[in-house]
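Close look at the chain arrangement
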Amino acid sequence: MAAAASASDLIDDREFAVPRELVFEAWTVPEHFARWFGPHGFELPLCEIDPRPGGEIRFHHRAPGGETVAIKGVFDEVVAPARLRFTFTFVDAEDRPTAPPLFREWPVGVHIVMTVELHETRRGTRMTVHQRVAEPEAAGLPPVVRHRELAGEGWRQSAERLVAHLAHRSTSWPG
């Protein structure tokens, strides 16, 4: 994981020996996304993805201790199989913005923007992920800074799970 140029960015840059269509599928098909997105031990008991501009993404992260974090967002940009950008926030059971149970100090209503870029390479696909807080005034708040630190580790674990998922999927990929 590389350090970001901006204090509000979280960047991951890695290469996979699989076609970018397969990586794009892992991000946009709920049954695949649910198998890898989240730190080790977390599950996604709910995962809905409508990958088109204006389409929603909604999922629940369930921690090993049973706590659930609900996330809801909207796709701002979808260019298959090259780019995704969606903006999301933490929500309660009624889809109202809230602080997540694992992060009670989170400023309610602050949004996170995630951008995924997929580039063809000789080996397969280079994936670059950027994550930032949408509201610049919130980027330096202590809970947001702490979340960014934890998100870095969470993303590292998610990426490990994605590597395993893609390795498994590539054996049955039609391409």
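The structure this text deals with has already been given above.
Okay, so let's go over this structure. (Residues numbered from 1 in each chain as written. Predicted model: local features only at pLDDT ≥ 70, side-chain atom pairs only at ≥ 80, totals over all residues. Heavy atoms only, no water.)

**Observations regarding the overall build of the protein**
Looking only at helices and strands, the protein has three helices and seven strands in total. When the elements of the protein are put in sequence order from the N terminus, they spell out β-α-α-β-β-β-β-β-β-α. On C-alpha atoms alone, the protein measures out to a radius of gyration of 16 Å, which is about the 16 Å that the 2.2 N^0.38 rule sets for 175 residues. Counting only C-alpha atoms and orienting by the principal axes, one finds that the protein spans roughly 45 × 35 × 30 Å. Across the 175 residues that make up the protein, the buried fraction comes to 47%. Here the analysis covers contacts within the protein between residues at least 6 apart in sequence; of these, 51% occur between residues at least 24 apart. Approximately 8500 Å² of the protein is accessible, and the part contributed by carbon and sulfur atoms is 52%. Taking the average location of the 20 positive side-chain charges in the protein and that of its 25 negative ones, the two points are 3 Å from each other. (Helix = DSSP H or I, 4+ residues; strand = E, 2+ residues; numbered from the N terminus. Rg over C-alpha atoms; globule rule 2.2 N^0.38 Å. Buried < 20%, exposed > 50% of the residue type's maximum accessible area, 1.4 Å probe, protein only. Contact = heavy atoms within 4.5 Å. Areas by Shrake-Rupley, 256 points an atom, 1.4 Å probe, with all protein chains shown as cover. Lys, Arg positive; Asp, Glu negative; His and termini not counted. Charge placed at Lys NZ, Arg CZ, Asp CG, Glu CD.)

**Observations regarding the nonpolar core**
Within the largest apolar cluster, 40 residues are counted, with the highest numbers of intra-cluster contacts made by Trp 27, Phe 33 and Met 127. Not counting chain neighbours up to four residues away, the residues in contact with Met 127 comprise Asp 12, Asp 13, Arg 14, Phe 16, Val 23, Trp 27, Val 116, Glu 117, Leu 118, Trp 155 and Leu 162. (Core = buried A, V, L, I, M, F, W, Y, C linked by side-chain atoms within 4.5 Å.)

**Notes on the environment of Ser 170**
Looking at where Ser 170 falls in the secondary structure, it is placed in helix 3 (residues 142-170). C-alpha of Ser 170 to C-alpha of Ala 17: the two residues are 153 residues apart in sequence and 8.9 Å apart in space.

**Describing the environment of Pro 142**
Locating Pro 142 in the fold gives a position in helix 3. The class for Pro 142 is exposed, based on a relative accessible area of 61%. Separated by 36 residues in sequence, Pro 142 and Trp 106 place their C-alpha atoms 9.0 Å apart.

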